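Fold and contact review
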Amino acid sequence: QPILIMKIPSTRLIAIACGLTLATGAQSQAGDAKDVISGPGPIEEPPLFTVCDIFDYATWYSNKDNPVIQKFAFTGRLQADAAFYDAEGEDSFDDVLWRRVRGGFKISLFQDFTLHSEADFDLNDYDPAYNGLTDTYIGWSPSDAFELKVGKISAGFTLDGATSSKKLVRLERSLLSNNLWFTSEYFSGVGISGEVGNWIYNFGAYSADRTNPEFGNFDAGYFGLASIGYDFADAFGVEKAIIRADYVYNEEDENNGTRSLSQIGSLNSWIEQGNWGIGTDIAAGQGYFNQPDLFSLQVMPFFNVTEKVQLVTSYTYITSDGDNGVRLDRYESSVVGGRSDEAHEFYAGFNYYLCGHNLKWQTGVEYTSASDRANDGGAYDGWGVTTGIRISW
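A quick note: this is a predicted structure, and the numbers were derived from the prediction, not measured. (Residues numbered from 1 in each chain as written. Predicted model: local features only at pLDDT ≥ 70, side-chain atom pairs only at ≥ 80, totals over all residues. Heavy atoms only, no water.)

**Some remarks on the pattern of salt bridges**
When the charged atoms of two side chains lie near each other, side chains of opposite charge can form a pair. Heads up, the condition is: Any carboxyl oxygen of Asp or Glu within 4 Å of a side-chain nitrogen of Lys or Arg constitutes a salt bridge here.
Scanning the model with the defined rule gives 10 salt bridges in all. Through salt bridges with shared partners, a single ionic network connects D81, R99, R100, E172 and R390.

Next up, the structure:
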């Protein structure tokens, strides 16, 4: 049947989201001042309804005692950006757009099973609006120590690549993950993961085929992922200190929907103590076909000013051992179309969490300098700013 989609200008929706931000803050302040009511005894005021309560309605059914269906919930994300990027002597990029629009459901079944499916949609140029399935799998998790997933699942590795776009502290993933992680993210395969004491693990085998928007035709190569980490919080005397090693072996195939890297290694960490924290990543990849080998490092300190306000900075360096080995990030590559051989990326951001990661406003300023030995359109030296609303269920 034909589907009717109403297109609302992105600028208006971002303005509405910012208005909700201000309204939520105003409601919180109003809730601090209680009216004094005289009478024979205290009178309880009804709890104040806030924007954050809306997210409770994403759960449509919940009953842990039901032997068949314990929970049925709507899942998804709605992310919009306003971005301006400019490089000296080059064109500029200036646009307001939908960054990610996804929707689906998650069902908890028979106490230990999960059925989850989400689809990705394009509201910038919706003809058609449907892009394909993302996270779509059947899962079995009898305990925190073991979870099995079969279907189209996320292949998470590197610091930013293993972090959901719902929970990124940067607006976008860094140059490291953009080049060494597989940005398509969701591949048909099987994965097991879990936590045992301070240990965390994730192993997976995937089809690298991306020839159709659902599960692929399985006519490309395959890749395997092994990830093992340990929380050294007690040893370091901090709240969290996860150090993780990721390794990927990727079969060489011209039809792969991955990066043209046969082997990738990443040693990354995430440390938190009080209001401070830092994420780090050192990664390298062995190229195949026309892709040179890559080496990259990332350092990302952050500071929580309050429970709602967070400051974050990031520095990323990446180099290739041949020409045209480095891809610039999303908006910088809209200014210059070529590839580079070495790049430095500096990022400073401000995050305001209205309802945790469910509803947040993020703004980031970037400076990127990239060289191009081949002199074929990959050199870049410029600034950019992005501000965006991130909503997720």
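There is more to say after this.
**Section: the packing of aromatic side chains**
The following threshold applies: A pair of Phe, Tyr and Trp rings is counted when the ring centres sit within 6.5 Å of each other, with Trp represented by its six-membered ring. The angle between the planes then sorts it: under 30 degrees is stacked, over 60 is edge-to-face, the rest tilted. Segments assigned H or I by DSSP are reported as helices when at least four residues long, segments assigned E as strands when at least two residues long, and all are numbered from the N terminus.
Evaluated as defined, the whole model comprises 26 aromatic pairs. Ring geometry for Y201 and F203: centres 5.9 Å apart, planes at 35°, overall tilted. Summarising the aromatic geometry, the rings of F350 and W361 are spaced 5.8 Å apart at their centres and angled 70° between planes, so their arrangement reads as edge-to-face. Taken as a pair, F350 in strand β15 (residues 342–353) and W361 in strand β16 (residues 359–371) lie far apart in primary sequence, 11 residues in all.

**Let's talk about the state of the cysteines**
Quick note on the threshold: Here, the term disulfide refers to a pair of cysteine sulfur atoms separated by no more than 2.5 Å. Working definition: with a 1.4 Å probe on protein chains only, accessible area under 20% of the residue-type maximum means buried, over 50% means exposed, and in between means partly exposed.
With the rule as written, the count across this model stands at one disulfide. Covalent S-S linkage joins C52 and C355, the inter-sulfur distance amounting to 2.0 Å. Between C52 and C355, the S-S torsion sits near -90°, and that sign places the bridge as left-handed. In this pair, C52 sits in the loop between α1 (10–32) and β1 (59–62) while C355 sits in the loop between β15 and β16, placing the two residues 303 residues apart along the sequence. A relative accessible area of 24% means that C52 is categorised as partly exposed. Note on C355: relative accessible area 10%, which makes it buried.

**Considerations on the nonpolar core**
For clarity, the threshold we go by: Residues enter a nonpolar core if they are buried and are Ala, Val, Leu, Ile, Met, Phe, Trp, Tyr or Cys, with the set joined through side-chain atoms within 4.5 Å. It only takes one pair of heavy atoms within 4.5 Å for two residues to be counted as in contact.
Grouped together as the largest cluster of nonpolar side chains are 33 residues, with contacts concentrated most on F223 and Y380. Sorting the residues of this core by element identifies β2 (69–87), β3 (92–109), α2 (175–180), β9 (222–231) and β11 (261–273) as the ones contributing at least two each. Filtering out sequence-adjacent residues up to four positions away, F223 remains in contact with A155, F182, F187, G204, A205, Y206, S207, A208, V248, Y249, N250 and T258. Counting eight residues, the second-largest nonpolar core is a separate cluster that includes M300, V312, Y347 and Y353.

**Quick word on the side chain of Q310**
What counts, and what does not: Whenever a nitrogen or oxygen atom comes within 3.5 Å of another N or O atom, the pair is scored as a polar contact, on the condition that within protein one atom can donate a hydrogen and the other can accept it, and that pairs from neighbouring residues in sequence are kept only if both atoms are in side chains.
For Q310, the position within the fold is in strand β14 (residues 309–320). Within the local environment of Q310, its side chain forms a polar contact with the side chain of Y353, the two groups lying 2.6 Å apart. Ignoring any residue separated from it by four or fewer positions in sequence, one finds Q310 in contact with V169, F302, F303, N304, V305, G349, F350, N351 and Y353.

**Comments concerning the pairing of β15**
Here is the rule: One requirement defines pairing of two strands: DSSP has to find at least two bridges between them.
Here β15 shows one buried face, formed by A343, E345, Y347, G349, N351 and Y353, and one open face, formed by E342, H344, F346, A348, F350 and Y352. Pairing of β14 with β15 involves 11 bridges; the strand directions are antiparallel. Residue pairing across strands places T319 opposite E342, the latter belonging to β15. As consecutive antiparallel partners, β15 and β16 are separated by five residues, and within that stretch G356 has a phi angle of approximately 60°, a positive value.

**Some points on unusual backbone geometry**
Residue D127 is joined to P128 through a cis peptide bond whose omega torsion reads 5°. Within the secondary structure layout, P128 lies in the loop between β4 (113–121) and β5 (130–143). If you check the backbone angles, F218 has positive phi at about 55° while not being a glycine. Relative to the helices and strands, F218 is located in the loop between β8 (199–207) and β9. Judged by its relative accessible area of 44%, F218 falls in the partly exposed class. Look at N324: it is not a glycine, yet its phi comes out positive at around 55°. Tracing the sequence through the fold places N324 in the loop between β14 and β15. Note on N324: relative accessible area 23%, which makes it partly exposed.

Without other data, these values stay purely geometric and don't point to any function.
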